[in-house]
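What follows is each chain in one-letter form.
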Amino acid sequence: MHLKALTLRGFKSFASATTLRFEPGITCVVGPNGSGKSNVVDALSWVMGEQGAKSLRGGKMEDVIFAGAGGRPPLGRAEVSLTIDNSDGALPIDYAEVTITRTMFRNGGSEYQINGDTCRLLDVQELLSDSGIGREMHVIVGQGRLDSVLHADPMGRRAFIEEAAGVLKHRKRKEKALRK
Ligand code: ATP
Ligand code: MG
């Protein structure tokens, strides 16, 4: 399984449809400060179901929609599609190629699709949950985040490992239950 392509339409600074194709192996995105490199990474988290505006470096969810720049007016919707090569069947779906699309409108409405069929966020989360990618997994390390991992004290390091292993949510539930 590997990521094949990412298409951004009206997402953050990408007003026009822009497609990035990924080959197996390592992909580097280079460019001057402010050119949109981190926005590409935000688009990846977003299409996989990220729900936190802060994780997307914004104040509110609508901040992912192109807000107007360089004489171009703001857009009413943002859309990101992620195509995953599933020829090894790592994703529990009977397609060799899977495209996940998320669309959001300025009035707050949001929609998800898997291979063109409208679905729920839960379906996207379940599709990705055992794949090693997805919102819950620690596969996206943001700018400056590496430092905090490397400099974490033992308890902080443990929290990162627990999160990656998927233990953290159970621990939080346990703590909540004990408080009652
Ligand atoms: P650096 O090298 O400094 O990390 P970068 O290439 O990662 O830079 P980004 O943070 O991806 O840059 O892009 C920031 C740019 O995206 C800013 O110019 C900002 O104005 C623009 N931007 C962010 N959100 C929107 C939006 N909703 N509409 C239009 N432009 C946006
Ligand atoms: Mg950046």
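Residues numbered from 1 in each chain as written. Chains lettered and ligands numbered in written order. Predicted model: local features only at pLDDT ≥ 70, side-chain atom pairs only at ≥ 80, totals over all residues.

**Some words on the site of ligand 1**
- Close to ligand 1 lie 16 residues, the nearest being Asn33, Lys37, Ser38, Asn39 and Ala67.
- Class assignment for the residues of the shell around ligand 1 results in four nonpolar, nine polar and three charged. (Near = placed C-beta within 6 Å. Nonpolar A, V, L, I, M, F, W, Y, C, P; charged D, E, K, R; others polar.)

**Brief notes about the domain arrangement of the chain**
- With domains assigned, the chain is organised as domain 1 (2-136) and domain 2 (144-180).
- Centre-to-centre, using C-alpha coordinates, domain 1 lies 26 Å away from domain 2. (Domains from an automatic or database assignment.)

**Some words on the UniProt feature "binding site: ATP" (unreviewed entry) in the chain**
- Per the UniProt record, "binding site: ATP" (unreviewed entry) is found at Pro32, Asn33, Gly34, Ser35, Gly36, Lys37, Ser38 and Asn39.
- Residue position: glycine 34 is located in the loop between strand E2 (18-21) and helix H1 (37-47).
- Looking at the element boundaries, glycine 36 is found in the loop between E2 and H1.
- The class for glycine 36 is partly exposed, based on 18 C-beta atoms found within 10 Å.
- Not counting residues within four places of it along the chain, the set of residues in contact with glycine 36 comprises Lys12, Ser13, Phe14 and Gly31. (UniProt positions renumbered as here; feature names shortened; annotations may be inferred. Helix = DSSP H or I, 4+ residues; strand = E, 2+ residues; numbered from the N terminus. Buried ≥ 20, exposed ≤ 12 C-beta atoms within 10 Å, placed from the backbone. Contact = placed C-beta atoms within 7 Å.)

**Some thoughts on the nonpolar core**
- In terms of nonpolar packing, the biggest core is built from 24 residues, with Ala43, Val47 and Val80 touching the most fellow members.
- At the level of elements, strand E1 (2-9), H1, strand E3 (77-85), strand E4 (97-105) and helix H2 (121-128) are the ones that each hand at least two residues to this core.
- For this core, the element with the highest residue contribution is H1, accounting for five residues.
- Non-local contacts of valine 47, meaning those with residues more than four positions away in its chain, are made with Val80, Ser81, Leu82, Ile100 and Arg102. (Core = buried A, V, L, I, M, F, W, Y, C linked by C-beta atoms within 7 Å.)

**Describing the environment of glutamine 143**
- Mapped onto the elements of the fold, glutamine 143 is located in the loop between H2 and helix H3 (145-150).
- By C-beta crowding, glutamine 143 is classed as exposed, having 10 other C-beta atoms within 10 Å.
- Along the primary structure glutamine 143 and serine 131 are separated by twelve residues, whereas in three dimensions their C-alpha atoms are 24 Å apart.

**Some details on the pairing of E1**
- Relative to E3, E1 runs antiparallel, the two sharing seven bridges. Along E3, the bridge assignment pairs leucine 6 with leucine 82. (Pairing = 2+ DSSP bridges.)

**Observations regarding the sheet that holds strand E5 (residues 110-114)**
- Strands sit in the order E2-E1-E3-E4-E5-E6 across an open sheet of six strands; the sheet is antiparallel. Looking along the sheet, the strands with just one partner apiece sit at the ends: E2 and strand E6 (117-119). On average, each strand axis in the sheet is tilted by 20° relative to the strand beside it, whichever way the strands run.
- As paired elements, E5 and E6 share three bridges and run antiparallel to each other. Along E6, the bridge assignment pairs tyrosine 112 with cysteine 119.
- Packing against the sheet, H2 makes contact with E4, E5 and E6, and its axis sits at approximately 40° to E5. (Axes fitted to C-alpha atoms, helices over the stretch in contact; angles between N-to-C directions.)

**Some details on the pairing of E4**
- Sheet topology note: the E3/E4 ladder contains nine bridges and is antiparallel. Of the residues in E4, the one forming a bridge with leucine 82 is isoleucine 100.
- Bridge analysis of E4 against E5 gives five bridges, and the strand direction is antiparallel. Paired with arginine 102 across the two strands is tyrosine 112, which belongs to E5.
- What sits between E4 and E5 in their antiparallel hairpin is a turn of four residues, with glycine 108 showing a positive phi close to 105°.

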